[in-house]
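What follows is the residue order along each chain.
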Amino acid sequence: IIGMTVSKTENFPAWYQEVVLKAEMIEYYTEISGFFILRPASMFIWNTIRKWFQERIEAMDVEEASFPMFLSSKSLEKEKDHVEGFAPELAWVTKAGDKDLEVPVAVRPTSEAVMYPYYSKWIRSHRDLPLRLNQWNSVVRWEAKQTTPFLRAREFLWQEGHTAHLTEELAGEEVLQILELYAGVYEQLLAVPVVRGRKTEKEKFAGGYYTTTVEGYIPSNGRGIQGATSHCLGQNFSKMFDITVEDPHPKGDEKAKHIHVWQNSWGLSTRVIGVMVMIHGDDKGLVLPPRISKIQVIMIPVGITKSTAPEDKARHYDQLEEIKRTLKSAGVRTDYDIRDGYTPAWKFNDWELKGVPLRLEYGPKDAAKSVVSFARRDTGEKGTIAISELSTEVPKLLETIQSDLYNKAEASFRSHRIEITEWEKVIPALDVKNVVLIPHCLKEKCEDKIKDLTTGNQEETEGPEQMKAPSMGMKSLCIPFDQPAGIVKGETKCLNPECEALAESWCMFGRSY
Ligand SMILES: O=C1CCCN[C@@H]1CCCn1cnc2cc(F)c(Cl)cc2c1=O
Ligand SMILES: [Mg+2]
């Protein structure tokens, strides 16, 4: 069967797997589990994101570099304390040909340990700052958990930016600039709303100073999902890797001191594609936001049958070609489907499955009225556009589709982000696919306790035959920069009934990926 067979509301995980396969975005790399092939439909989206992001970081004087994909255990040693938790994910090369390597090398899971010995070598004076390098590459993390296309893979494409600054303030400014670009990738290209915030001490990058994040929301299962992270590393890595400069403003007559530089690192991966698919897709398949869709308009001839006179058919197709030229010169990525032997209905289904945002039907009846008929992929709305209006109306309609997709997702996220001030209301809120905002003390122990308190246990499920898996506990997603009112410092308590501490801020919690 070429079309979708699984309903998104009936079996979301199976629907997701089917749609990324049937929309020809992904192929499972069956040779080795946890790896996926990104087909042209996915690579077009990734390259659109890359161009958009690359242009903007170049404007921030970020330069591109390419470092080796292997790292030695020696350089890993330098960051051993926070690496130990990740050790099970490291992939090692131990042989070349039939000879064992003297020293095994690890495939990069991220490039701090590869890059920073050279940051130490290159950064001598404050005049070498800021150093800002970005890599577009892939990394390998041998995930133990179940993998899923785009969201969790053992190898994925991403960009990793690594910068060095003279002061905490300069580093902090860049952390937020990059986070805003990440939000832009989601909100402006993928039509996906995100909450900006800071990770708690428990959820932040252990090797860093603080982590800022954009958090997404998957309406189908009510789960939060980390979208992309921009970390301030503080001076942690410059101390591990000895990256220092002479103090340009030595106080008083003290001989110039050496300052450990302040660093950031920031990453966004192909996970963003999976989030977009999950949010916008429907039971007919993919729904692509026009700004990232390879084909924005597919034109399909109708009313042409075997009995159509050859010269009528030829003239009709010439008009079709003309319309395509008009749209392309209006900057619309347009194609037509004149495959013989397939009915218009078959073609409609095929392009709906692939998520093309706008279909134009053109038949003799349309020609007679100098119009084309359109059908929106997101709402199914149909109508006609005068051929003379195409080059202005179609771009407008595509922008309307883009913003309607965003607004629908934004309303859904907003209505499922619930402020809660009574603990008993938390689990019922999670059970109807909400994420929650609660007054929280931000302490790691308290988060662990909350995870336990909100993990459903066996006896709560129905009888043995329906032994449902215990419902997943909630984790902190972020401390939103945009804080609701209501927390009275020194008075409002942490919402966790087993915690005595005072609330520090509202913290967003939810079941999550
Ligand atoms: O998230 C980003 C953005 C781009 C640059 N890097 C940071 C931190 C990456 C954390 N992280 C994430 N995963 C890891 C997996 C590993 F196997 C090892 Cl050894 C280390 C790590 C690790 O440090
Ligand atoms: Mg991980």
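Preceding this section is the structure that the text describes.
Keep in mind the model is a prediction, meaning the values are calculated, not measured.

1. Quick word on the site of ligand 1
And then number 1: Lining the immediate surroundings of ligand 1 are 18 residues, of which Phe86, Thr110, Glu112, Arg141 and His231 lie closest.
And then number 2: The side chain of Thr110 places a nitrogen or oxygen atom 2.8 Å from a nitrogen atom of ligand 1.
And then number 3: Contact between ligand 1 and Glu112: a nitrogen atom at 2.7 Å from a side-chain N or O atom of the residue.
And then number 4: Assessed atom by atom at 2 Å from the grid points, ligand 1 resides in the largest pocket.
And then number 5: Breaking the shell around ligand 1 down by element, the ones donating at least two residues are helix H4 (80–83), strand S8 (155–165), strand S11 (223–234) and strand S14 (262–269).

2. Notes on the sheet that holds strand S6 (residues 99–107)
And then number 1: Taken together, the three strands give an open sheet; going across it, the order is S4-S6-S5, and neighbouring strands pair in antiparallel fashion. Only two strands of the sheet have a single neighbouring strand rather than two, namely strand S4 (70–72) and strand S5 (92–96). Going from strand to strand, the sheet's axes swing by 50° on average, the running direction of each strand aside.
And then number 2: The pairing of S4 with S6 spans three bridges and is classified as antiparallel. In the strand pairing of S6, Phe70 is matched with Val107.

3. Focus on the environment of Gly383
And then number 1: In this fold, Gly383 is placed in strand S19 (residues 382–386).
And then number 2: You can call Gly383 partly exposed: its relative accessible area is 21%.
And then number 3: Ignoring anything within four residues of it in the chain, the contact list for Gly383 reads Val372, Ser373 and Phe374.

4. Let's talk about the side chain of Arg359
And then number 1: Secondary-structure assignment places Arg359 in strand S17 (residues 358–362).
And then number 2: Reaching out from Arg359, the side chain makes a polar contact with the side chain of Glu352 at a distance of 3.0 Å.
And then number 3: A polar contact is formed between the side chain of Arg359 and the side chain of Glu361, at a distance of 3.0 Å.

5. Thoughts on the side chain of Thr492
And then number 1: Checked against the element boundaries, Thr492 lands in the loop between strand S22 (475–480) and strand S23 (505–510).
And then number 2: Polar side-chain contacts of Thr492 include one of 2.6 Å to the backbone nitrogen of Val488.
And then number 3: The contact partners of Thr492, leaving out residues within four places of it in the chain, are Pro439, Gly486, Ile487, Leu502 and Ala503.

6. A word on unusual backbone geometry
And then number 1: A cis geometry characterises the amide bond from Leu129 onward to Pro130, with omega recorded as -5°.
And then number 2: Take Pro130: it is sitting in the loop between helix H5 (112–122) and strand S7 (131–140).
And then number 3: Its identity as a non-glycine residue notwithstanding, Asp242 has a phi of 55°, on the positive side.
And then number 4: Within the secondary structure layout, Asp242 lies in the loop between helix H7 (236–240) and strand S12 (244–246).
And then number 5: Taking the relative accessible area as the measure of exposure, Asp242 reaches 47% and is therefore partly exposed.
And then number 6: Positive phi outside glycine occurs at Leu442, with the angle close to 70°.
And then number 7: Summarising the element assignment, Leu442 is placed in the loop between strand S21 (435–440) and helix H14 (444–453).

7. Here's the deal with empty space enclosed by the protein
And then number 1: Considering all chains together, one arrives at one cavity of 30 Å³ or more under this definition.
And then number 2: Roughly 30 Å³ of internal volume is contained in the largest cavity.
And then number 3: Every residue along the wall of the largest cavity is listed here: Pro193, Tyr217, Pro219, Ile279, Ala409 and Phe413.
And then number 4: Here the residues of the lining of the largest cavity sort into six nonpolar, no polar and no charged.

8. Here we look at the sheet that holds strand S16 (residues 334–336)
And then number 1: With mixed pairing, the five strands of this open sheet are ordered in space as S16-S15-S17-S18-S19. Here the strands that pair on one side only, and so sit at the sheet edges, are S16 and S19. Neighbour to neighbour, the strand axes of the sheet diverge by 30° on average, direction disregarded.
And then number 2: Summarising the sheet, S17 and strand S18 (residues 371–376) pair through four bridges and their orientation is antiparallel. Bridge pairing links Leu360 to Phe374 in S18.
And then number 3: The strands touched by helix H12 (residues 390–415) within the sheet are strand S15 (297–301), S17, S18 and S19, with S18 carrying the most contacts at an inclination of about 10°.

9. Looking at the packing of helix H2 (residues 40–58) against helix H6 (residues 168–189)
And then number 1: Packing of H2 against H6 leaves a shortest axis separation of 11 Å and a crossing angle of 145°. Crossing of H2 against H6: the hand is right-handed. Where H2 approaches H6, its residues Thr48, Ile49, Trp52, Phe53, Arg56 and Ile57 are matched on the opposing element by Ile178, Leu181, Tyr182, Gly184, Val185, Gln188 and Leu189.
And then number 2: Per-class residue counts for the contact of H2 with H6 are nine nonpolar, three polar and one charged.

10. Quick word on the packing of aromatic side chains
And then number 1: Counted by the stated rule, this structure contains 20 aromatic pairs.
And then number 2: For the ring pair Tyr28 and Phe36, a centre distance of 5.1 Å and an interplane angle of 75° mean the geometry is edge-to-face.
And then number 3: Residue classification places Phe36 among the buried positions, given a relative accessible area of 17%.
And then number 4: Ring geometry for Tyr209 against Tyr210: centres 5.3 Å apart, planes inclined by 55°, an arrangement best described as tilted.
And then number 5: Of the aromatic side chains, those joined through ring pairs into one cluster are Phe67, Tyr116, Tyr118, Tyr119, Trp122, Phe205, Phe237 and Phe241.
And then number 6: The ring of Tyr513 has Arg223 sitting right over it, with the charged end atom 4.9 Å from the ring centre.
And then number 7: Looking at Arg417, its charged tip hangs above the ring of Phe413, at a distance of 4.5 Å from the centre.

11. Considerations on the pattern of salt bridges
And then number 1: One pass over the structure, following the stated rule, counts 35 salt bridges.
And then number 2: Residue Lys324 is joined to Asp335 by a salt bridge in which the shortest nitrogen-to-oxygen separation is 3.7 Å. In this pair, Lys324 sits in helix H9 (residues 310–329) while Asp335 sits in strand S16, placing the two residues 11 residues apart along the sequence.
And then number 3: Note on Asp335: relative accessible area 29%, which makes it partly exposed.
And then number 4: Salt bridges sharing common partners tie together Asp337, Arg339, Lys347, Asp350 and Lys354.

How each quantity is defined
Residues numbered from 1 in each chain as written. Chains lettered and ligands numbered in written order. Predicted model: local features only at pLDDT ≥ 70, side-chain atom pairs only at ≥ 80, totals over all residues. Heavy atoms only, no water. Near = heavy atom within 4 Å. Polar contact = N/O pair within 3.5 Å; in protein donor to acceptor, adjacent residues only side chain to side chain. 1 Å grid on protein atoms, 1.4 Å probe; cavity = no way out; pocket = protein on both sides within 12 Å on 5 of 7 lines; lining within 4 Å. Sits in = over half its atoms within 2 Å of the grid points. Helix = DSSP H or I, 4+ residues; strand = E, 2+ residues; numbered from the N terminus. Pairing = 2+ DSSP bridges. Axes fitted to C-alpha atoms, helices over the stretch in contact; angles between N-to-C directions. Buried < 20%, exposed > 50% of the residue type's maximum accessible area, 1.4 Å probe, protein only. Contact = heavy atoms within 4.5 Å. Points joined across faces, edges and corners; volume = space filled by probe spheres on them. Nonpolar A, V, L, I, M, F, W, Y, C, P; charged D, E, K, R; others polar. Left-handed = near helix turned anticlockwise from the far one by under 90°. Phe/Tyr/Trp six-rings, centres within 6.5 Å; stacked < 30°, edge-to-face > 60°. Lys NZ or Arg CZ within 6 Å of the ring centre and 35° of its normal. Salt bridge = Lys/Arg side-chain N within 4 Å of Asp/Glu carboxyl O.

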